[in-house]
Amino acid sequence: MSEPLAKPRILVTNDDGINAPGIKLLEQIARQFSDDVWVVAPEVNHSGAGHSLTLRRPLRLRQISERHVAVDGTPTDCVLLALQHIAEDGIDMVLSGINSGGNCADDVTYSGTIAACMEATLLKIPAIAFSQCARDGHPMKWKTAETFAPIVINHLNSKPWAEDVLININFPDRVHNQVKGIRVTRQGKRKLGDELVHGLDPRGEPYIWIGPLRTELEVGDGTDLEALKEGFVSVTPIHLDMTHHESLAELRTRF
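Residues numbered from 1 in each chain as written. Predicted model: local features only at pLDDT ≥ 70, side-chain atom pairs only at ≥ 80, totals over all residues. Heavy atoms only, no water.

This part takes up the pattern of salt bridges. With the rule as written, the count across this model stands at 12 salt bridges. Ionic pairing is found between Asp-36 and Arg-9, a salt bridge with its closest N-O pair at 2.9 Å. Note that Asp-36 is positioned in the loop between α1 (21-30) and β2 (37-42) and Arg-9 in the segment before β1 (10-13), a separation of 27 residues in sequence. Here Asp-36 falls in the buried class, since its relative accessible area comes to 19%. Residue Arg-9 is classed as buried on the basis of its relative accessible area, which comes to 14%. (Salt bridge = Lys/Arg side-chain N within 4 Å of Asp/Glu carboxyl O. Helix = DSSP H or I, 4+ residues; strand = E, 2+ residues; numbered from the N terminus. Buried < 20%, exposed > 50% of the residue type's maximum accessible area, 1.4 Å probe, protein only.)

One can find Ser-34 in the loop between α1 and β2. Separated by 2.5 Å, the side chain of Ser-34 and the backbone oxygen of Pro-8 make a polar contact. Once residues lying within four places of it in the same chain are set aside, the contact partners of Ser-34 are Pro-8, Arg-9 and Ile-10. (Polar contact = N/O pair within 3.5 Å; in protein donor to acceptor, adjacent residues only side chain to side chain. Contact = heavy atoms within 4.5 Å.)

Another aspect to go through is the pairing of β2. For β2, the tally of buried residues reaches six of six residues, placing the bulk of the element in the interior. As paired elements, β1 and β2 share three bridges and run parallel to each other. What sits directly across from Val-12, in β2, is Val-39. Crossover connection from β1 via α1 to parallel β2: handedness right-handed. In the sheet, β2 pairs with strand β4 (residues 68-71) via four bridges, with the strands oriented parallel. Residue pairing for β4: Val-40 is matched across the bridge by Val-69. (Pairing = 2+ DSSP bridges. Right-handed = clockwise from strand over helix to strand, strands pointing away.)

Glancing now at the environment of Phe-232. Locating Phe-232 in the fold gives a position in strand β11 (residues 232-239). We classify Phe-232 as buried; its relative accessible area is 15%. The spacing of Phe-232 and Val-179 is 53 residues in sequence and 5.8 Å in space, taken between C-alpha atoms. Excluding its chain neighbours within four sequence positions, the residues that come into contact with Phe-232 are Asn-170, Pro-172, Lys-180, Gly-181, Ile-182, Arg-183 and Ala-227.

Turning to helix α2 (residues 75-86), a few remarks are in order. For α2, which comprises 12 residues, the first-to-last C-alpha distance of 14 Å sits more than 12% below the rise-based estimate of 16 Å (1.5 Å per residue). Pro-75, Thr-76, Asp-77, Cys-78, Val-79, Ala-82, Leu-83 and Ile-86 are the residues of α2 that are buried. Turning to α2, the residues buried within the fold contact β1, β2, β3 (61-65), β4 and α3 (112-122). (Expected span 1.5 Å × (residues − 1).)

Written out as structure tokens, the structure reads:
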């Protein structure tokens, strides 16, 4: 574990694209903690990209302004280039988001927001992912994220956490003055893409569109899903070691 930094050099990134409202808000929040803030994010939306790297073509950078760079690649590409090329003097902390929509439970395996933090964590940089939950057809409650993100960052910065852990933050779909508080949670269980929507495009060609999330029938005690349902901000430590250690001894008897 490294010591917490009073004035860190912060990288802000996301998966919704460099012009998304959430990253603009997160940059404002980051500037409450440092005047050395870099923004490196995808040119376009890469939601659902997961922890993917661009390997089959060159990447191109577009300098928007000082310390603001767009990358024609994935969130993982952005973090890798920011840490090893763009911000040559190094980065002390990575903040990813604020995502338009929640990234909890099994969403973390698909999320580009989370993947950006995975890449940072693999490179031994503390990283926090932020997502604002919202129901379809309802406005994003950005004021909730704006209110609680600085509180969460302050608490997390008070002490270091393990080098192989990223912190996943989800804000509930409630106005800021109706949020009940903050809970430390475990990862819940739900699955994307249970519904496939079939249709025809304007040229009569068939397509399949991956549909909405499965409804959570059992949110699970102590999970991020439970906390969000009850109106709490969820704070979930995500461990990058995916080894199921309880299975090691039994599997060794087979080989």
